[in-house]
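Structural characterization, general
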Amino acid sequence: MTTRPLSGTAQDIRTAARLIQDEKLVVFPTETVYGLGANAFSDTAVSAIFTAKGRPQDNPLIVHIGNTAQLQDIAVSISPKAKLLFDTFAPGPLTIVLEKSKHISSKVSAGLDTVAVRIPSHFIARKFLQECEVPVAAPSANISGRPSPTSFKMAWNDMQGRVDAVIDGSSCTVGLESTVIRITENNILLLRPGAITKEMLTEITDLPVITPRQLSKVESPGIRYAHYQPDATVYLSRNLNLDLIKHFPADQTAIFSVNTLKPNHFTCIHFHSIKEYAQKLYTSLVEMDHRNIRFIIAETVSEEGLGLALMNRLKKSSAGKYVEDLSFDS
Ligand code: TXA
Ligand code: MG
């Protein structure tokens, strides 16, 4: 398949929207990560997403819309708390699971009677979604299991030859996938942490937020699968203790740090804040593969605010391996 690179001009956005209406696949930028989009009303188009990504069919997709008026095409009803959260955080990196309307392809929800909905804030995403006029189902535009693309280059490298077009929207400002929640009568289930934090959700709704660790795995099918894994092996470290790190081959090991000063004979990526660590995590993971790095040692952060989402992705990238748990012969 030939893949067209498109830009954010009005003409290119119209071309991309026509492709969606013709049941084709279009990769588009959002503020979180790039999405691999298809017409959410079409079984054929939605099925093609799973093939392009190599994604398990039982993992449901998020439906993206350009404005709240389109909610009525997607969800049967929207509770006052859900409305309050959309009014407060949409457009933005928040996805809410609602009761699904029959118009949405059952392929989108993998047979569940719910549907996840999001209104992205990236200006190209908004123009594109408004022009499409149909809701757009889109997972992150990576090959399943790999880090999600947060730049045009990453999206292009993963998806060229598999989709009809990729829209260039430069680098994503958030860099981690959206917060996914379900609202029940008495609480908010945090199915996936993101930039709309647990603290922000509680402040607006006065409801307690139940975190993924407290949830049974069936609530959000996506959390079962391997995720965010580069070719290099990722380890976590609480304090980048050089006595432990010195056992790794210096020419093939990279250190990701944010709090601690970097040890100087390794490849070091220093992030100036948790926000920057989150924004650049996926591009940094993939860049290390290009530099033939075999081991990445990533410093952990405290699990509050955006730190909860960042640690969730770091734990998946590393499959929970800590340098501090290794035993070295010395
Ligand atoms: O930031 C994002 O959310 C990006 C951009 C493209 O919008 N999209 C994204 O999609 O990350 P994906 O498919 O990689 O992740 C969707 C997550 C999965 O964990 C999935 O299981 C969950 O949302 N999900 C989707 N529909 C659901 C539903 N009906 N009930 C529970 N979880 C659902
Ligand atoms: Mg994904």
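Everything in this summary refers to the structure shown in the same document. All figures in this text were calculated on a predicted structure; none of them were measured in a lab. (Residues numbered from 1 in each chain as written. Chains lettered and ligands numbered in written order. Predicted model: local features only at pLDDT ≥ 70, side-chain atom pairs only at ≥ 80, totals over all residues. Heavy atoms only, no water.)

1. Some thoughts on the overall build of the protein chain
Within the protein chain one finds nine helices and 15 strands. The C-alpha radius of gyration of the protein chain comes to 20 Å, within 12% of the 20 Å expected for a compact globule of 330 residues. On the principal axes, the C-alpha backbone points of the protein chain span a range of 65 × 50 × 30 Å. Within the protein chain, the proportion of its 330 residues that are buried is 55%. Sequence separation of 24 or more characterises 69% of the internal contacts of the protein chain that already satisfy a separation of 6 or more. (Helix = DSSP H or I, 4+ residues; strand = E, 2+ residues; numbered from the N terminus. Rg over C-alpha atoms; globule rule 2.2 N^0.38 Å. Buried < 20%, exposed > 50% of the residue type's maximum accessible area, 1.4 Å probe, protein only. Contact = heavy atoms within 4.5 Å.)

2. Focus: the packing of aromatic side chains
Following the criterion strictly, the structure yields seven aromatic pairs and no others. Summarising the aromatic geometry, the rings of Tyr 235 and Phe 248 are spaced 5.4 Å apart at their centres and angled 65° between planes, so their arrangement reads as edge-to-face. Here Tyr 235 is found in strand β12 (residues 233-237), whereas its partner Phe 248 is found in the loop between α7 (242-245) and β13 (253-257), with 13 residues between them in sequence. Here Tyr 235 falls in the buried class, since its relative accessible area comes to 12%. According to the relative accessible area criterion, Phe 248 is buried, its value standing at 8%. Among the aromatic residues, ring-to-ring pairing joins Tyr 235, Phe 248, Phe 295 and Phe 328 into one connected group. A cation over an aromatic ring shows up here: Arg 238 above the ring of Tyr 322, its NZ or CZ 4.0 Å from the ring centre. Directly above the aromatic system of Tyr 235 lies the positively charged group of Lys 321, at a separation of 5.5 Å from the ring centroid. (Phe/Tyr/Trp six-rings, centres within 6.5 Å; stacked < 30°, edge-to-face > 60°. Lys NZ or Arg CZ within 6 Å of the ring centre and 35° of its normal.)

3. Overview of the pattern of salt bridges
In the structure shown here, the tally under the stated rule is nine salt bridges. A salt bridge links Asp 231 to Arg 146, with the shortest nitrogen-to-oxygen separation between them at 3.4 Å. Linking Asp 231 in the loop between β11 (209-210) and β12 with Arg 146 in the loop between β7 (136-138) and α5 (152-159), this pair joins segments that are 85 residues apart in sequence. Look at Asp 231 and you get exposed, because its relative accessible area is 64%. Close ionic contact of Lys 280 with Glu 276 constitutes a salt bridge, the shortest N to O distance being 2.7 Å. On the criterion of helical spacing, the pair formed by Lys 280 and Glu 276 is a turn pair, its members being four residues apart in helix α8 (residues 274-290). Since its relative accessible area comes to 16%, Glu 276 is described here as buried. (Salt bridge = Lys/Arg side-chain N within 4 Å of Asp/Glu carboxyl O.)

4. Observations regarding the side chain of Asn 39
Mapped onto the elements of the fold, Asn 39 is located in strand β3 (residues 35-39). From its side chain, Asn 39 meets the backbone nitrogen of Phe 41 in a polar contact 2.8 Å long. (Polar contact = N/O pair within 3.5 Å; in protein donor to acceptor, adjacent residues only side chain to side chain.)

5. Section: the side chain of Thr 150
For Thr 150, the location among the structural elements is in the loop between β7 and α5. On the basis of relative accessible area, Thr 150 is assigned to the buried category, the value being 2%. Residues in contact with Thr 150, not counting those within four places in the same chain, are Thr 32, Val 33, Tyr 34, Ser 170, Ser 171, Cys 172, Gly 175, Gln 279, Tyr 282 and Thr 283.

6. Considerations on the nonpolar core
The biggest cluster of nonpolar side chains holds 47 residues, and the ones touching the most others in it are Val 27, Leu 36, Leu 85, Ile 96, Val 108, Ile 181 and Leu 201. Put simply, the parts of the chain that give this core at least two residues each are β3, α2 (43-53), α3 (80-89), β5 (94-99), β6 (114-118), α5, β9 (179-183) and β10 (188-192). The element that contributes the greatest number of residues to this core is α2, accounting for five residues. Among the nonpolar cores identified, the runner-up in size contains 29 residues, and Val 286, Leu 306, Met 311 and Leu 314 belong to it. (Core = buried A, V, L, I, M, F, W, Y, C linked by side-chain atoms within 4.5 Å.)

7. Concerning α5
Within α5, six of the eight residues are buried, which leaves it mostly tucked inside the rest of the structure. Of the positions making up α5, those classed as buried are Phe 152, Met 154, Ala 155, Trp 156, Asp 158 and Met 159. The secondary structure elements touched by the buried residues of α5 are β1 (4-6), β2 (26-28), β3, α2, β8 (165-167) and α8. At the C-terminal side of α5, Gly 161 shows a positive phi close to 90°.

8. Some words on α8
Relative to the 24 Å expected for 17 residues at 1.5 Å per residue, α8 spans 24 Å between its end C-alpha atoms, a close match to the ideal helical length. Of all the bends in α8, the largest measures some 50° and sits at Leu 281. Buried residues of α8: Glu 276, Tyr 277, Ala 278, Leu 281, Tyr 282, Ser 284, Leu 285, Val 286, Met 288 and Asp 289, and no others. Count one or two residues on from α8 and you reach Asn 292, which has phi positive near 60°. (Expected span 1.5 Å × (residues − 1). Bend = angle between axes of the 7 residues up to and from the residue.)

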